[in-house]
Every structure is written in structure tokens, then in C-alpha cells.
Amino acid sequence: MNSFLRNIALTVALALGAALASAQTDAQFTQYWAVPNYYCPAAIGDTDNIHLTLGSRLQWVGIDNAPKSFNALADMPFKVGRQRLAVGVNISQQSMGLYRSLNAAAQIAYKRKVAKGLLSIGLQVGYLNESFKGSEVFIPGDDDYHQTADDAIPTQDITGGSIDLGAGVAYRHPKFWLALAANHLNEASISLKTENSTDDLYEFKAGRTYYFMGGGNIALKNTLLEILPSVFVKTDTKYFVGEATARVRYNKFLSGGVGYRWKDALTVMIGAELKGVFLGYSFDYPLSNISKGTSGSHELWLGYNVKLNLKEVNKNKHRSIRLM
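As a starting point, this report considers the structure included with it. If you're wondering where the values come from, they're calculated on a predicted model, not measured in any experiment.

The next point concerns the packing of aromatic side chains. On inspection of all chains with the given rule, the structure shows 12 aromatic pairs. Seen from their ring centres, Phe29 and Tyr38 are 5.0 Å apart, and the 70° between their planes marks the pair as edge-to-face. The exposure class of Phe29 is buried, given its relative accessible area of 0%. Aromatic side chains Phe29 and Tyr39 sit 6.4 Å apart centroid to centroid with 65° between the ring planes, which places their arrangement in the edge-to-face category. Placement of the pair is Phe29 in the loop between helix H1 (2-19) and helix H2 (36-39) and Tyr39 in helix H2, with a sequence separation of 10 residues. Directly above the aromatic system of Trp33 lies the positively charged group of Arg247, at a separation of 3.5 Å from the ring centroid.

Right, let's talk about the pattern of salt bridges for a bit. Scanning the entire structure with this criterion turns up 12 salt bridges. The closest approach of N and O atoms between Arg249 and Glu273, which form a salt bridge, is 3.2 Å. One end of the pair, Arg249, is in strand E13 (residues 240-250); the other, Glu273, is in strand E15 (residues 265-274), with 24 residues separating them in the sequence. The burial state of Arg249 is the same as that of Glu273; both residues are buried. One salt-bridge network, held together by shared partners, links Arg57, Glu243, Arg261, Asp264, Asp284 and Glu299.

Of all hydrophobic cores here, the largest spans 22 residues; its most connected members are Trp33, Tyr38, Tyr39, Cys40 and Met213. Ranked by the residues each element gives to this core, the list is headed by strand E7 (residues 176-183), at 3 residues. Dropping the residues within four chain positions of it, Tyr38 is found in contact with Thr25, Asp26, Ala27, Phe29, Asn71, Leu73, Asn90, Ser92, Gln94 and Asn183. Listed in part, the 9 residues of the second largest apolar core include Leu98, Phe132, Ile190 and Leu192.

Now for empty space enclosed by the protein. Inspection of the entire model under this criterion finds 7 cavities of 30 Å³ or more. Its volume calculated, the largest cavity comes out at about 80 Å³. If you go around the largest cavity, the residues you meet are Thr25, Asp26, Tyr38, Asn90, Ser92, Gln94, Asn103, Gln124, Asp164, Asn183 and His184. Per-element accounting of the lining of the largest cavity gives the leading share, 3 residues, to strand E3 (residues 83-96). In terms of residue class, the lining of the largest cavity is made up of 1 nonpolar, 8 polar and 2 charged. Lining the second largest cavity we find 12 residues, and of these Asp46, Ser120, Ala170, Tyr171 and Arg172 sit closest to its centre. Of all the secondary structure elements, the ones that give two or more residues to the lining of the second largest cavity are strand E5 (117-133), strand E6 (157-173) and E7. Here the element with the most residues in the lining of the second largest cavity is E6; it accounts for 3 residues. In the lining of the second largest cavity, the residues fall into 8 nonpolar, 1 polar and 3 charged.

Criteria and thresholds
- Note that residues are indexed from 1 along each chain, following the sequence as it is written.
- Confidence filtering applies because this is a predicted model: local features only for residues at pLDDT of at least 70, side-chain atom pairs given and counted only at 80 or more, and all residues used for totals across whole chains, interfaces and linings.
- For the side-chain quantities, the full set of heavy atoms in the structure was used; hydrogens and water were omitted.
- Whether two aromatic rings pair depends on their centres lying within 6.5 Å, for rings of Phe, Tyr and Trp, where Trp uses its six-membered ring; planes under 30 degrees apart make the pair stacked, over 60 edge-to-face, and the rest tilted.
- Each residue is placed in one exposure class: buried if its accessible area under a 1.4 Å probe, protein chains only, is under 20% of its type's maximum, exposed if it is over 50%, and partly exposed if it falls in between.
- Numbering goes from the N terminus for both helices and strands, where a helix is a DSSP run of H or I of at least four residues and a strand is a run of E of at least two.
- Placement of a positive charge over a ring is assigned whenever Lys NZ or Arg CZ falls within 6 Å of the ring centre and within 35 degrees of the normal to the ring plane.
- We count a salt bridge whenever a side-chain nitrogen from Lys or Arg sits within 4 Å of a carboxyl oxygen from Asp or Glu.
- Buried Ala, Val, Leu, Ile, Met, Phe, Trp, Tyr and Cys residues that are joined via side-chain atoms within 4.5 Å together make up what is termed a nonpolar core.
- Only heavy atoms matter for contacts: two residues are in contact if any of them lie within 4.5 Å across the pair.
- As defined here, a cavity is a set of points on a 1 Å grid over the protein atoms alone where a 1.4 Å probe fits but cannot get out. A pocket is an open set with protein on both sides within 12 Å along at least five of seven lines, and residues line them when an atom is within 4 Å of a point.
- Grid points are joined across faces, edges and corners, and a volume is the space filled by probe spheres set on the points.
- Under the grouping applied here, Gly and all other residues not named as nonpolar or charged are polar, the nonpolar ones being Ala, Val, Leu, Ile, Met, Phe, Trp, Tyr, Cys and Pro and the charged ones Asp, Glu, Lys and Arg.

Next comes the structure, spelled out in C-alpha cells:
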């Protein structure tokens, strides 16, 4: 097992060194349906609430330096004349081994009633910072398989940043919701250098990534139960992630469900909603060989809604897609 973990750590270090040339920067959340605005800037201001969300994901618990994510999101609707708009903030921090990523972005969306639903078009403008603690790189040299020096792996702490853009469109109906988005539209090329250097030592490229999400709200007659199916698709045209989730909610209070991420994990989740507060937890059990070194992955989200008085802007009540 020690040999396995050492090889995992080394693989991560090598992969991160290669990632300075090209990489994805978005976290994979099991409760994607609770935070669609993390992926799609159009999925903000969909109710007459100020919506605040905090969340964290611990990936592959049991493996040292495994991926960790922390997110803070906020959004609210407002109007200019008769036009409904929304603004939001999306702050995310991720770490994996010696690699760190921080993305702070502002979101804005234009909303218009279409048929019986609400169509939204959104834009996200942020700053993406990438860093790598090269001073802590360790490559074992006591065998025939490793080289203690490799020009592709930094030996000093390096960092860099760039403007990062995203866009999306979403549609919310009382019975279903859909969202399409493209993040890292400008495919930011980030030059990483040491604190006192003016020379570009390495380069990180944030690859353009496309998302599709959707879900439904099926009320069972003569019961307090609702069935809430949803799907999630992520791709950069070379790499694909697909996920399907089925949840059941009782009396708009307690919910639970299961999910499957294609060739990656089985998931279970529970949640509760009460007086504007949402608490959700999920657990992933990996289906790949990584399961030999980890007990699984954990994810926790806490959300809070504060009611706004928009009156004529939204006379019809709708369910928030975050809580479906």
C-alpha cells in the first residue's frame, strides 16, 4: 500500500507538471443540481431571493494530498425598469498535491419570460490564478524507474494569473430546468513564474469546457412526494463526464437519492430544507482502481435564502432549481 500511495503522489506531481501546459480547472460536484450557477452564469437570480451558498468537497479521502475544493457563491435578482436581471459572485479554490487554483468571478444575467418559464442568458468575468509549490517536489531516486531531476517539473514555487471568461443560457419551467454553458471561453494562457523573476518559466492553459445540465420535478398525486431526476454532462471535446441522478423529496423538506457517474463512481446523497436553509451531503464510492487507496469522497453544501420583494417582477412562484 505504501508503494501504491507513493506512486500516486509521484503521478500527481508529474501530472501537475504536465498540467502547466494544458489543464481543466473546474471541480466535479456530485450535487451539481444544487449549484448550477457554479457551472452556468445564467443560472442565477431564478427566484425572488438573495441566495448564499458555501460548499466543500474532499476527494479520495485516505490518500495524502488528494483533491480538495471550497466554494462560495451568491446571487440575487433585480430589475431595471421592467427588465429583470441578476448578478452573482462565484469564488472557488481547489488544491491537489502541490497545485493550487483560485477563481474569483462576477456574473450577470438577463432574464425574460418565455412560454410558461424563464429564459436566462448569462456572462461570467473572472480572474484565474494558478500556482505550484515546486519547492516541495520530491522524486524518489532509490530505484530504476525515477529520475531525481526533470526539467518538466518546477523546483521553485511559481504562480500566475489571467482574465477568465464564461457564458451560458438557462431555462426554468415549473416542471423542469435546463442549462448550457461554456467556461474558459478565452482559453486563458497563464505564464507562471517565481515571485522575483520576470521570465516565464512554465505555462498553464485553461481548456475551454462545455456543460449541459437538466432536471425535472415530478409530483406524485395524492402524496407529499416528488421525484427529482437530473443529468449532468461535461466535456472539452476530448474528455467526457456523464452523470445521472435520481432523488426523492418529501414535503419539500427531506430529500435523498442515488447517482451514477460514468465509469467513475456511485453516489448517494441526502438533504434537508427548512425556513430558507438548505443542507446537503453526498458520498461517492469510486469504481476505478483508486478504490484500493481510498474510502471515497465527501461533499457538503449549506445554502441560505433571503426573500426579496420584487412584486410585479415575478408574480408567479416557482421552485428554485438549486433545491429541486
